[in-house]
Amino acid sequence: MSRTERDRRTADRTSASATQERGDGAGGATPPSADAAFTALLEDSAEELYERAPCGYLSTLMDGTVARINGTLLDWLGMTREEVVSRKSFTDLLTVGGRLYYETHVSPLLRLRGEVNGVAMELRQPDGRLPVLVSATVKKGGDGQPLLIRITLFDARDRRAYEAELLRGKLAAEQARVRAEEDRTRLQSALAVLQRSLLPTELPRVPGMEVAAHYHAASRDQLGGDFYDLFPVDGSRWAFFLGDVCGKGPEAAAVTSLVRYTLRAAALHDPTPEAALTTLNTVLHERYTSSDPRYCTAVFGLLRPLPGEGGFEVELASGGHPPALVARRGGEVEALSTPGGLLVGVLPTAGFATARTVLYPGDTVLLHTDGLTEARTGADRALYGDAALRSFTRDQAPTSAPALVDALTDLLHGFGDGLGDDTAVLALGVPAHEADTATAPSPSSRIRRDLRATTGENNQ
Amino acid sequence: MNQLDISTRDTATGPVLEIRGELDYDSAGELRAAVSATEPAAGQVVVLDLGGLTFCDSSGIATFIAARSHALAVGAGIALASVPAHTARVLDVIGLTQVLTVYPDVESATVAHRHDA
């Protein structure tokens, strides 16, 4: 027998008995008309509806004692009518949490407003608990005195399952978001560590000089290819370099690392700028074949203190790099031009031109990568350019290496998103007076500050 | 975002690649691939027409050198034509004008090559 058939037969029996009950009341034994049978099929009786409704019905006295309860609810509770009516309070049917909630929230609200709607609670069952949605109204007598409370309970298992599913989904999404965020943070800190490995953690103290550097990382997710360094080559001389590897990302960073250590090693054998760049050129050209060519531009310089004058002789060579600028004490700005210096790594043998100058007290030599001059500025996104950089440097006079780097750091910050590429600046200057050296921050503290500034940017 | 647009045509003197748009880290691979796809004969010249180039960074410059290697490998030459002022200045700074011949336009690049040949 199909379920539908069984239901219909049950309904038929019920309607027959209902008709008989009604027939008893109406005093007629006439056969049910077609209309009456139809009506009977639609709804048997108010009593039957109350008993077998698809929700639980319950009436209590004002103190909560159960006065009446329907069959559906008794089935849910797994109890008989005799066990409940007059013996139990509504709150006895609830879980501990539900009972507390009813007494502290629902009951006061009922007394105040006369009704509550859709409160989520749980019924105790012999083998568990049943989530229900509870609505209640207070029935009042003719004199307005509250007589009893009528309560309807809906089975909320499906709804609870749906809500739990939503919560689980939300939790999973949140966990995925947190994991992605953690992965990104881990990647960024790994990149930051790698990036720092490409730069000196601090610049050494060069007696008689002030030095400062700044590195601006354009992206937290992309390694840049700019580099610089400063180191002693013997008892009296110091070598420095600054450059830019073509491209970005891990491949460029690998080349940057190779370049940095090649130049340092080359300087141990022969610290003259042309020799160091020639060694680098050979290494880059041999290491990176035409299938994956890698080039860099670089300035390599050598500092030699001039005895007795407080000045330094600077000798530098450039491989395809923008000229170093010299900011003189009096405000003049000169470019240390090295014509013909070719991008490093392109040709098996390349010649590099050398330039020389002397830094006197108050003079500063400035090296930069082209991220600075290629920055887009203003409404028309025009290139900042070499002329603007020279003019800016001129305006800083009289200046020092730390002051010039500070000014350039502010300038770079001012470019905002117009600064699309990584940028490195390195300044080496002879203090104007001995007194300045005493009051100026030490070179080592300078570089730490600049690196912190870079890290600060990264965290924004 | 301004994309890179490359069209290649074969001429009597060799392939001419017309390059328009922005040549940077993200788009340099396209030019590298387009250059690799050309098959210049020995004695021909590969011309990169940069008249429509609006931006070129170091990755872009690197592709010019890759193009040079590609051409030299088969005994062909390489020439840049209609180089925008900014890129010309960069090529000058990095010394590449020593190894890449620059012409005012495609016509003069191919004519010069015919005279050379």
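Residues numbered from 1 in each chain as written. Chains lettered and ligands numbered in written order. Predicted model: local features only at pLDDT ≥ 70, side-chain atom pairs only at ≥ 80, totals over all residues. Heavy atoms only, no water.

(A) The pattern of salt bridges, seen in detail. Evaluation of the coordinates by the stated rule reveals 22 salt bridges over all chains. Between A:Asp155 and A:Arg157 there is a salt bridge, with the nearest N and O atoms lying 2.5 Å from each other. Put simply, A:Glu165 and A:Arg168 hold a salt bridge, and the shortest N to O gap is 2.6 Å. Here A:Glu165 pairs with A:Arg168, and both are found in helix 7 (residues 157-197), just 3 residues apart, close to one helical turn. Salt bridges sharing partners connect three or more residues here, namely B:Asp5, B:Arg9, B:Glu18 and B:Arg20. (Salt bridge = Lys/Arg side-chain N within 4 Å of Asp/Glu carboxyl O. Helix = DSSP H or I, 4+ residues; strand = E, 2+ residues; numbered from the N terminus.)

(B) Geometry of the pairing of strand 2 (residues 14-23) of chain B. Residue and element names in this part refer to chain B. Among the 10 residues that make up strand 2, 7 are buried, leaving the element largely enclosed by the rest of the structure. Alignment of strand 1 (residues 5-11) against strand 2, held across 7 bridges, turns out to be antiparallel. Considered in strand 2, the bridge of Thr-8 is made with Leu-17. Between strand 1 and strand 2, which follow one another and run antiparallel, lie 2 residues. Note: strand 2 against strand 3 (residues 45-56), 7 bridges, orientation parallel. Across the sheet, Glu-22 pairs through a bridge with Phe-55, a residue of strand 3. Chirality of the crossover, the property in question, places the unit of strand 2, helix 1 (residues 28-37) and strand 3 among those that are right-handed. (Buried < 20%, exposed > 50% of the residue type's maximum accessible area, 1.4 Å probe, protein only. Pairing = 2+ DSSP bridges. Right-handed = clockwise from strand over helix to strand, strands pointing away.)

(C) Molecular detail of the sheet that holds strand 17 (residues 423-429) of chain A. Residues and elements named next belong to chain A. Pairing in this open sheet of 5 strands is antiparallel, and the strands run 6-17-14-11-12 from one edge to the other. Taken across any chain shown, the strands that pair with only one partner, and hence form the sheet edges, are strand 6 (210-216) and strand 12 (333-336). On average, each strand axis in the sheet is tilted by 20° relative to the strand beside it, whichever way the strands run. When strand 14 (residues 364-368) meets strand 17, the two strands line up antiparallel, connected through 5 bridges. Within the sheet, the bridge partner assigned to His-368 lies in strand 17 and is Val-425. (Axes fitted to C-alpha atoms, helices over the stretch in contact; angles between N-to-C directions.)

(D) Spatial organisation of the nonpolar core. With 60 residues, the main nonpolar core has A:Val259, A:Leu263, B:Leu48, B:Ile61, B:Phe64 and B:Leu96 as its most contacted residues. In contact with B:Leu96, not counting residues within four places along its chain, are A:Leu342, A:Leu343, A:Val346, B:Ile61, B:Ile65 and B:Leu91. Ranked by size, the runner-up nonpolar core spans 29 residues in total, among them A:Val206, A:Leu230, A:Leu336 and A:Leu367. (Core = buried A, V, L, I, M, F, W, Y, C linked by side-chain atoms within 4.5 Å. Contact = heavy atoms within 4.5 Å.)

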